[in-house]
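Chain residues, written in single-letter form:
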Amino acid sequence: MAKYVLIVDDAPNIVLSLEFLMRKEGYEVLSVSNGEEAMGAIAEKIPDLVLLDVMMPRKDGYEVCQELRANPDWKNIKIIMLTAKGRNVEKEKGLALGADDYVTKPFATHELVNKVKTLLR
């Protein structure tokens, strides 16, 4: 059975690229454009991994990450935060909230794919 990856990002060009990469690797993929939609999608079907943008409307990636880690039913979901904010303080915040990894945009696609593969093993 294919692993299920939820992409949460409000930038259509990034979503298209991530969808292509994840499908090419054989993953089942769903994309949403904000944190509120992400929480609804996760409540419907628990993903194996979430590619989570930090800066989004309505509910940012930090809030989503915190909510996911607060729910024991979702403790096994892997989270990779994606952000244009590359300062160490943002990275530390994401990891402190429970993200499994943190990738700064723009990112090398092969590096991101390798991180996803590693977390989903």
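Procedures and definitions
- Residues numbered from 1 in each chain as written.
- Predicted model: local features only at pLDDT ≥ 70, side-chain atom pairs only at ≥ 80, totals over all residues.
- Heavy atoms only, no water.
- Pairing = 2+ DSSP bridges.
- Helix = DSSP H or I, 4+ residues; strand = E, 2+ residues; numbered from the N terminus.
- Axes fitted to C-alpha atoms, helices over the stretch in contact; angles between N-to-C directions.
- Contact = heavy atoms within 4.5 Å.
- Salt bridge = Lys/Arg side-chain N within 4 Å of Asp/Glu carboxyl O.
- Buried < 20%, exposed > 50% of the residue type's maximum accessible area, 1.4 Å probe, protein only.
- Right-handed = clockwise from strand over helix to strand, strands pointing away.

Asks: Lay out the sheet that holds strand β4 (residues 78-83) in plain terms, naming residues and giving numbers.
Replies: Overall, parallel pairing links the five strands, which are arranged β2-β1-β3-β4-β5 in an open sheet. The sheet is open, and its two borders are formed by β2 (28-32) and β5 (101-104), each paired with just one other strand. The sheet shows a mean angle of 20° between the axes of neighbouring strands, taken without regard to direction. Of the pairings in the sheet, the one linking strand β3 (residues 49-53) to β4 comprises five bridges and is parallel in character. When the sheet's bridge partners are listed, Val50 is paired in β4 with Ile79. Where helix α3 (residues 61-70) meets the sheet, its contacts fall on β3, β4 and β5, and the angle it forms with β4 comes to roughly 170°.

Asks: Please provide a residue-by-residue account of the pattern of salt bridges, values included.
Replies: Scanning all chains against the criterion turns up nine salt bridges. With a shortest N-O distance of 3.9 Å, Glu36 and Arg58 are connected by a salt bridge. Of this pair, Glu36 sits in helix α2 (residues 35-44) while Arg58 sits in the loop between β3 and α3; the two residues are 22 residues apart in sequence, bridging distant segments of the chain. Given a relative accessible area of 42%, Glu36 falls into the partly exposed group. Close ionic contact of Asp53 with Lys105 constitutes a salt bridge, the shortest N to O distance being 3.1 Å. Taken as a pair, Asp53 in strand β3 and Lys105 in the loop between β5 and α5 (109-120) lie far apart in primary sequence, 52 residues in all. Residue Asp53 is classed as buried on the basis of its relative accessible area, which comes to 4%. For Lys105, a relative accessible area of 16% corresponds to the buried category.

Asks: Can you tell me about the side chain of Glu90, naming the residues and giving the values?
Replies: Summarising the element assignment, Glu90 is placed in helix α4 (residues 88-96). If near-sequence neighbours (up to four positions away) are discounted, Glu90 is found in contact with Tyr62, Lys85 and Tyr102.

Asks: Can you tell me about the pairing of β3, naming the residues and giving the values?
Replies: Burial analysis of β3 places five of its five residues in the buried class, the great majority of the element. Side chains of β3 alternate between two faces, with Leu49, Leu51 and Asp53 and Val50 and Leu52 buried alike. By the bridge criterion, four bridges tie strand β1 (residues 4-8) to β3 in an arrangement that is parallel. Along β3, the bridge assignment pairs Val5 with Leu49. For the crossover that starts at β3, traverses α3 and ends in the parallel β4, the hand is right-handed.

Asks: Tell me about unusual backbone geometry, and please be specific about residues and values.
Replies: At the junction of Lys105 and Pro106, the peptide bond is cis and its omega measures out at -10° in the coordinates. The residue Pro106 is located in the loop between β5 and α5 in this model. Not every positive phi belongs to a glycine, and Arg58 is a case in point at roughly 70°. The class for Arg58 is exposed, based on a relative accessible area of 60%.

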